[in-house]
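Residue strings, one per chain:
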Amino acid sequence: MARRMKIIKYSVLALVCLCMMPLLSDCRHCGYKNYGIAVIFFTRDNLLPFIIYVQQVDADPLSFEELSDTYARDKHKVFDWGETFDGVDGATCRLLIDEHDNNYILDTINVYCNSFKLEGRDPATFRVVKDYLTEDKYDYYWYNKPLNVKDKKSFVLLNDPEDSEQYHWAKDKYYAYQLGSRHRIQIADYSSFRPLSAYYALDKSQVYNSRGVVKNAKPETFKLPAWDAQFNEYYYGDSITEQE
C-alpha cells in the first residue's frame, strides 16, 4: 500500500512538472494555456518573475481561443484576466487593439474598452481609426468621448506641425475639432484650415484657439504667443493681440 501511494505521489509530481514546463518557458508576464482537458491563466510575480500564479479558467478547452495575453473566449463566454467577462457573447465577440494597447471587445450588442462598456456604440461598424480615434456609424470618438462630428465624410485628423505623429485638431467642412478639449468650432474655410500648434489654428480668414475665434487676429500676420507667463492669458482669454 505504501509503495502504491509513493507511485501515485511521484506520478502527480511528474504531472505537475510536465504542466509547469510550458509556463516556465513562456516569457510573457501573463497568458493562457490550454492543456486539452483544462485551461489555466497564469501571471508572473512583478518582483520575482520565476514565481508564477496559476488559476483554472471556467472555459471549454475544445472551443477555447486566446485573443490576447489577457482576453480569451470559448463558444459561450469571454474571459478577462482568467475571469468570466459577464454579459459578452463568446461566439460572436472580436477583439480590436489600438496602437496604445487599449483593448476593445465587441459582440453583436455592445462595445467595451478595457472591460468598461461604451454606451451608444454600434458594434457592427465600430473600428479603430488611428491613435486614440475610433469610429462607428454614428460619430467619431476621441479617448472614447464623442466629438459630435457634423459631416463624417469630410472629417480628417490633422497632424501637429511640430510633431507629425501627434494629433490635436481635426476638421470637417463645417467645423474644426480641438481634440484635447473636444470643442467644436465653426470655421470660415475648410480647405485652408490648418493647425499652428496644439492650441492654435487658422484658415485664410480667421485665427482660432481651442475656445473659438481669436478676436483682432489676422491670419497673414499672426504669430504664436511665446511660451511664458503671458501664455495662459492668451490661451484662456477671448481675444489676443497680434505679435510683432
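Read on for an overview of the structure.

The next subject is the overall build of the chain. Scanning the chain from terminus to terminus reveals 2 helices and 23 strands. Expressed as a percentage of the 244 residues in the chain, the buried residues total 43%. Contacts in the chain between residues at least 24 apart in sequence constitute 31% of all its contacts with a sequence separation of at least 6. Here the chain displays about 14,500 Å² of accessible surface, and carbon together with sulfur accounts for 52% of that area.

Moving on: a nonpolar patch on the surface. On the surface, a nonpolar cluster with roughly 550 Å² of combined accessible area is contributed by L47, L48, F50, I51 and Y53. Structurally, Y53 is set in strand β3 (residues 52–57).

Take the environment of V57 next. Inspection of the secondary structure puts V57 in strand β3. Separated by 24 residues in the primary sequence, V57 and K33 place their C-alpha atoms 9.6 Å from one another. Residues contacting V57, with those up to four places away along its chain left out, are Y32, V39, I40, F41, F79 and G82.

Next up on the list: the nonpolar core. Across soluble globular proteins, nonpolar side chains show a tendency to be buried alongside one another. By size, the foremost hydrophobic cluster in this structure holds 12 residues: L133, Y140, W142, L147, V149, F155, L157, Y167, A170, Y175, Y177 and L179. Within the residue set of this core, elements represented by two or more residues are β14 (140–142), β17 (163–171) and β18 (175–178). Residues C30, Y32, A59 and A72 belong to the second largest nonpolar core, which totals 9 residues.

This part takes up the side chain of N103. In this fold, N103 is placed in strand β9 (residues 103–106). Polar contacts involving the side chain of N103 include one to the main-chain carbonyl oxygen of D101, which spans 3.3 Å. If we ignore the near neighbours within four places in the chain, the residues touching N103 are S68, Y71, L95, L96, I97, Y112, C113 and N114.

Here we come to the pattern of salt bridges. Scanning the entire structure with this criterion turns up 4 salt bridges. Between R73 and E65 there is a salt bridge, with the nearest N and O atoms lying 2.9 Å from each other. Taking relative accessible area as the criterion, R73 reaches 19% and is therefore assigned buried. Its relative accessible area of 35% is what places E65 among the partly exposed residues. Here E135 ties to R127 by a salt bridge, and the two come within 2.7 Å at their closest N and O atoms. Under the relative-accessibility criterion, R127 is labelled partly exposed at 40%. Here the salt bridges do not stand alone but share partners, grouping R127, E135 and K152 into one network.

What counts, and at which threshold
Residues numbered from 1 in each chain as written. Predicted model: local features only at pLDDT ≥ 70, side-chain atom pairs only at ≥ 80, totals over all residues. Heavy atoms only, no water. Helix = DSSP H or I, 4+ residues; strand = E, 2+ residues; numbered from the N terminus. Buried < 20%, exposed > 50% of the residue type's maximum accessible area, 1.4 Å probe, protein only. Contact = heavy atoms within 4.5 Å. Areas by Shrake-Rupley, 256 points an atom, 1.4 Å probe, with all protein chains shown as cover. Patch = residues over 30% accessible without salt bridge, like charges linked within 9 Å, V, L, I, M, F, W, Y side chains within 5 Å. Salt bridge = Lys/Arg side-chain N within 4 Å of Asp/Glu carboxyl O. Core = buried A, V, L, I, M, F, W, Y, C linked by side-chain atoms within 4.5 Å. Polar contact = N/O pair within 3.5 Å; in protein donor to acceptor, adjacent residues only side chain to side chain.

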